[in-house]
Structures are given as structure tokens and as C-alpha cells.
Amino acid sequence: MMTFTRNFSLISFGMAMFAGSVASSHAAILARYEFTGSSLASTDDDTSNITSTASNLSNGAGLTSINSATGNPAPGRSMLGSETDANDETGAVTANDYIQFTLTPASGYQLNLTNFSLDFGSSYNTQPRGFAVRSSLDGFTGTIYNLSLPSNSDSTSTVFNYSTALVGAQYQNVTTPVTFRIYGFDNATGTTNYLRFDNITLQGTVGAIPEPSGMLFLGATVFPLLLTRKRRKGCC
């Protein structure tokens with residue numbers, strides 16, 4: 001009985017050591033841009049950047065700047081209609097008409113990305129307009145989400161929320177920086193026309209990268225104990 005208790009205690013200790021090497025993941029907002037007080041910084045859950053760091057929002061070469069979206073709807077950030085004059089997603093990608101942010105996991109941590117969402121509107125509805133989301137995980141070649149609104153569709157009086165689940169192996173166990181880009185496109189050319197974005201949010205889980213030493217510890221200590229106990233039981 002004493003041998004069993006001792007072995008059981010050692011097994012429990014080994015399992016605890018292994019579990020400790022795999023920190024449990026927790027649901028989190030990994031990046032969020034609410035533009036409070038005209039800030040371009042993220043207001044994500046990890047404000048101390050312990051497990052990951054979200055960069056400030058920045059703009060592509062096709063845009064002069066990220067403008068403050070005053071007016072209706074607001075607050076938010078906008079792309080000038082005079083700069084986002086591509087007719088579709090392909091044109092916006094070619095023209096580098098995008099806003100972007102980068103999420104970097106801390107050393108020893110990995111990310112599992114689950115959902116991307118944002119609020120979208122515009123200051124006009126007389127032209128086709130929309131946006132597309134891509135990421136650096138595939139070199140910005142694939143479309144995560146695409147929205148194209150036809151002329152006379154109402155997005156001037158209401159900000160609409162758009163959300164998509166991030167499904168696929170490329171969004172799991174991410175250990176390197178990942179950048180998300182939001183491309184904007186329309187047919188407007190006036191300087192008073194805007195595409196407007198708000199509450200840009202990336203959700204997922206973050207946890208410590210499992211250490212191989214945990215399994216080695218089990219193999220070197222716990223399993224031999226089990227084998228020894230089995231042999232003793234067989235001979236006594």
C-alpha cells in the first residue's frame with residue numbers, strides 16, 4: 001500500500017510538472033482599435049504586453065494618412081474617397097490602399113486566432129464601395145473577408161458590424177508576428193467622401209508554447225516507476 005501511495009504521488013507530481021509546462025490558454029481580445037481620443041493604439045486585454053503586443057494602426061503607401069472620422073457616423077477612422085479610388089479589392093491591393101496592424105506574440109507564447117470583426121460605414125451612398133481583409137500569414141494573397149456595397153445602399157446613417165471566424169491551420173499555434181490589412185475601395189473622387197472604420201477587433205487565445213522537456217520528464221521518471229511496480233506485483 002505504501003509503495004502504491006508513493007508511486008501515485010510521484011506520478012501526480014510528474015503530471016503536474018508537465019501541466020505546468022503547458023500554460024492554459026484563455027479567451028482574449030488580442031487587438032482592438034476603438035480610436036478613443038483619436039488614438040491609434042490598441043486597447044486589447046493584454047495592456048502590459050506580457051503575452052503579445054499589438055502595434056498602432058498605420059496606413060499603406062496609397063493613403064496619405066489615417067484621418068479622424070468626424071461627422072456621421074463617428075468616432076472612427078476614415079479613408080479619403082479621393083485616395084481610395086480603386087473599383088474593387090484587386091485595385092485596392094495594387095494601389096496599397098489599406099490600414100494595418102501587427103500582432104506579435106511574446107517569446108515563449110503562441111496565438112490561436114479565432115475571430116476578426118469591425119464596424120464599417122461611409123459618408124456617401126452614391127457609389128459602390130467596400131473593404132477586404134487579408135493577412136501576412138499567406139503573404140496577403142488570400143481574402144479573409146470581402147464586402148462590396150452597391151450604389152444607393154444605406155451606410156451613411158448607420159455603422160454596420162461585420163465579423164468572420166478565422167478557420168484554418170494557419171491561424172493556430174502562431175509564434176511569429178502577423179499583420180492584418182484592411183483594404184478600402186470605392187468610385188468616389190471627392191475630398192469630402194470617406195470610408196469609415198471603427199472597433200477593429202481581433203480575438204483569440206494565447207498560451208505558453210508546450211516544452212518538450214515536460215514529456216521527457218514523464219518518460220524519464222514516471223513511466224519507469226510504473227514498470228517497476230508492475231514487475232514487483234508480478235513476482236510477489
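The shown structure was predicted, so the numbers you read here are calculated from the model rather than taken from an experiment. (Residues numbered from 1 in each chain as written. Predicted model: local features only at pLDDT ≥ 70, side-chain atom pairs only at ≥ 80, totals over all residues. Heavy atoms only, no water.)

Undergrad: I tried to follow the nonpolar core on my own but got confused; where do I start?
TA: Nonpolar side chains in soluble globular proteins generally cluster together in the buried interior. Grouped together as the largest cluster of nonpolar side chains are 35 residues, with contacts concentrated most on Leu113, Phe116, Phe180 and Ile200. Counting residues per element, the ones that place at least two in this core are strand E1 (26-33), strand E6 (98-105), strand E7 (109-122), strand E8 (129-135), strand E9 (145-149), strand E11 (178-186) and strand E12 (194-208). Those residues within four positions of Phe180 in sequence are excluded, and the remaining contacts are Ile99, Gln100, Phe101, Leu113, Phe116, Val133, Arg134, Ser135, Ile144, Leu166 and Leu202. Of all hydrophobic cores here, the second largest spans six residues; its members include Ala86, Ala92, Tyr98 and Phe140. (Core = buried A, V, L, I, M, F, W, Y, C linked by side-chain atoms within 4.5 Å. Buried < 20%, exposed > 50% of the residue type's maximum accessible area, 1.4 Å probe, protein only. Helix = DSSP H or I, 4+ residues; strand = E, 2+ residues; numbered from the N terminus. Contact = heavy atoms within 4.5 Å.)

Undergrad: Would you explain the confidence of the model for the protein in this entry?
TA: Detailed reading of the predicted model is not advised wherever pLDDT is low. On average, residues of the protein score 78 in pLDDT, and 66% of them reach the 70 mark or higher. Here helix H1 (residues 2-20) is the element of the protein with the lowest mean pLDDT, 44, and E6 is the one with the highest, 96. Residue range residues 1-24 is modelled with pLDDT below 50. Its contacts to residues more than four positions away, or to other chains, number 25 contacts. (pLDDT = per-residue confidence, 0-100.)

Undergrad: Help me out: how do you make sense of the packing of aromatic side chains in this one?
TA: Aromatic ring pairs are defined here through the distance separating the ring centres and the angle between the ring planes. Counted according to the given criterion, the structure contains 12 aromatic pairs. Plain terms: the ring middles of Phe131 and Tyr162 are 5.8 Å apart, the flat faces sit at 65° to each other, and that makes the pair edge-to-face. Of the two residues, Phe131 is situated in strand E8 and Tyr162 in strand E10 (residues 160-165); the sequence distance between them amounts to 31 residues. This pair shows no difference in class: Phe131 is buried, exactly as Tyr162 is. (Phe/Tyr/Trp six-rings, centres within 6.5 Å; stacked < 30°, edge-to-face > 60°.)

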